[in-house]
Every structure is written in C-alpha cells, then in structure tokens.
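Each chain is listed here by its residues.
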Amino acid sequence: DMCCGTGNLTKDCPEEMFSNLYMSTLNEEDVNILNHTKFKRANVFCQDFLNTDDEYDFLQTSKNWVFILNPPYSASPTVRDEHKKGVSDTKIGLRMKNDSMNKAASNLTTQFLWKILQLSKQYNINITVGMFTQISFAMNPSYSHFYNEWKKCFGFVNGFCFHCSEFEGTTGEWPVVFSVWSTQTDAQSVVVDIFEN
C-alpha cells in the first residue's frame, strides 16, 4: 500500500503476512503510529510515491505482487476548486504530460496507477491491483489515452461500487468503486455490482 495512512486497508491481514507487507505514506507521524502497532513487523517507510525516483529493489524478491490502495481523489482544480491548486504537480504527473496522457496527468489516482504500470514493466513482475477510486479513469473520454495504455497491461477482474457517503468526509452524489485489476487477466468490460448500505 503506497498511500497507507495508518493502515486501514491492511489491518485485517494475518500477522504472518506482515513481513511481506510494504507500506508507505507521506506523513512521518503515520509511520510512527504504524511502528507502534501490530504493523511494527511490516516494512513501513515514509515516502512520496509520486515524487520519488527511488528504486524498489524489494520487488525483485517475488514475481507476484498485490498493490492495494485508496489514493487521494484529487485533480488539478477547476475554477470552483481553486483550493486544490498544485495538488497534482508531481514528478509522475510531469512524466505523464510528457507522454501525452492529457487530462489523466492531472489526476492523482491515475498518477498512482501510471507509476504502478511503470513498475510492472521495469521489474517484469505480475501485479494485481485492488483499489478504491472514482471510476473516471476508465470512463471519462479525456482519460482515454491513459486507459488504453493501462489496458495493454492490466485487465479488469471484478469490483463493486457504493455511494460516496459511506466514506467519512465525502460530499456529493457519486460512486466509489472498488476494482481489481491484474497483469495476468485479459482486457474485458468493466461491470461492477452496486452495494447499498
């Protein structure tokens, strides 16, 4: 989990898995919290996943990896979202712009996915991604170039969606989608179950 916060997505993992669990976060305080809980046996580190050129040599220890994440739901601002100014100005965003990823380059979710895509190629590994996101990266025509590149490596496995109000602090009327993608699955249509309450 490369945006782990305090470990909500992995808290139910069996403790015998923790030595194979890699968790990073921007916030040093989160790292301190994790290191004083059952996660002290996990590989926890402070890192800005979207702004680092660090090597991920631990990815060479296995051919198969699972990335699980709930990335920030932010993008470069529209006129009404001026408070988000600069939120997507990252090294990965710049690389995506250079690779003509258009609007997808300004979205933090697609930036996380772009870096995961690059890691799968760089380390020649099989990756399964499970993530809570908005589904715009797969549906918005402005993201089509990104999505076409994503589908060359990752196929949709399964998923479900639910109302955003299930997540504390969200507003509006939009679905959160949990979707699973794999480098070992052929591309197929994205069809998800709808969960209520």
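Check the entry above for the structure.
All figures in this text were calculated on a predicted structure; none of them were measured in a lab. (Residues numbered from 1 in each chain as written. Predicted model: local features only at pLDDT ≥ 70, side-chain atom pairs only at ≥ 80, totals over all residues. Heavy atoms only, no water.)

S.K.: Lay out the overall build of the protein in plain terms, naming residues and giving numbers.
M.R.: The number of helices and strands found in the protein is 5 helices and 7 strands. What you see for the protein is a C-alpha radius of gyration of 17 Å, in line with the 16 Å of a compact globule of 197 residues. Dimensions of the protein, computed from C-alpha atoms along their principal axes, come out at roughly 45 × 35 × 35 Å. Sequence separation of at least 24 residues holds for 62% of the intrachain contacts in the protein that already meet a minimum separation of 6. A total of about 10,800 Å² of accessible surface is found on the protein, and carbon and sulfur atoms cover 48% of it. Computing the positive centroid from 16 side-chain charges and the negative centroid from 23, the protein places the two 5 Å apart. (Helix = DSSP H or I, 4+ residues; strand = E, 2+ residues; numbered from the N terminus. Rg over C-alpha atoms; globule rule 2.2 N^0.38 Å. Contact = heavy atoms within 4.5 Å. Areas by Shrake-Rupley, 256 points an atom, 1.4 Å probe, with all protein chains shown as cover. Lys, Arg positive; Asp, Glu negative; His and termini not counted. Charge placed at Lys NZ, Arg CZ, Asp CG, Glu CD.)

S.K.: Please provide a residue-by-residue account of the pattern of salt bridges, values included.
M.R.: What the rule picks out here adds up to 3 salt bridges. For Lys 91, the salt bridge identified is with Asp 53, shortest N-O distance 3.3 Å. Here Asp 53 lies in the loop between strand E2 (43–46) and strand E3 (64–69) and Lys 91 lies in helix H2 (residues 91–98), a separation of 38 residues in the sequence. Under the relative-accessibility criterion, Asp 53 is labelled partly exposed at 45%. (Salt bridge = Lys/Arg side-chain N within 4 Å of Asp/Glu carboxyl O. Buried < 20%, exposed > 50% of the residue type's maximum accessible area, 1.4 Å probe, protein only.)

S.K.: Explain the nonpolar core residue by residue, including any values.
M.R.: Leu 59, Phe 67, Val 129, Phe 137, Phe 146 and Trp 150 are the most contacted members of the largest nonpolar core, which totals 39 residues. Breaking this core down by element, the ones donating at least two residues are E3, H2, helix H3 (108–123), strand E4 (126–133), helix H4 (136–139), helix H5 (144–153), strand E5 (155–163) and strand E6 (175–182). The greatest single-element share of this core, amounting to 8 residues, is contributed by H3. Residues within four places of Leu 59 in sequence aside, it is in contact with Trp 65, Phe 67, Leu 119, Tyr 123 and Ile 125. (Core = buried A, V, L, I, M, F, W, Y, C linked by side-chain atoms within 4.5 Å.)

S.K.: Tell me about the pairing of E3, and name the residues and values.
M.R.: Residues Trp 65, Phe 67 and Leu 69 line the buried face of E3, whereas the alternating positions Asn 64, Val 66 and Ile 68 sit on a face that is not buried. Pairing geometry for E3 and E4, over 6 bridges, is parallel. Looking at the pairing, Phe 67 lines up with Val 129 of E4. (Pairing = 2+ DSSP bridges.)

S.K.: Kindly report on the packing of aromatic side chains, identifying the contributing residues and their values.
M.R.: Counted according to the given criterion, the structure contains 24 aromatic pairs. Between Phe 18 and Phe 39, the aromatic rings sit 5.2 Å apart at their centres with planes inclined by 10°, giving stacked as the arrangement. Taken together, the positions of Phe 18 in the segment before strand E1 (22–25) and Phe 39 in the loop between helix H1 (28–34) and E2 put the pair 21 residues apart, joining distant regions of the chain. On the basis of relative accessibility, which here comes to 0%, the residue Phe 18 falls in the buried class. For Phe 39, a relative accessible area of 4% corresponds to the buried category. Positioned above the aromatic ring of Phe 49 is the side chain of Lys 115, whose terminal nitrogen or guanidinium carbon lies 4.5 Å from the ring centre. (Phe/Tyr/Trp six-rings, centres within 6.5 Å; stacked < 30°, edge-to-face > 60°. Lys NZ or Arg CZ within 6 Å of the ring centre and 35° of its normal.)

S.K.: I'd like to hear about the environment of Phe 132, residue by residue, with values.
M.R.: Mapped onto the fold, Phe 132 is located in strand E4. Spatially, the C-alpha atom of Phe 132 lies 21 Å from that of Thr 90, the residues being 42 residues apart in sequence. Those residues in contact with Phe 132 that sit more than four places away from it in its chain are Leu 9, Leu 69, Asn 70, Pro 71, Tyr 73, Phe 162, Phe 167, Val 176, Val 177 and Phe 178.

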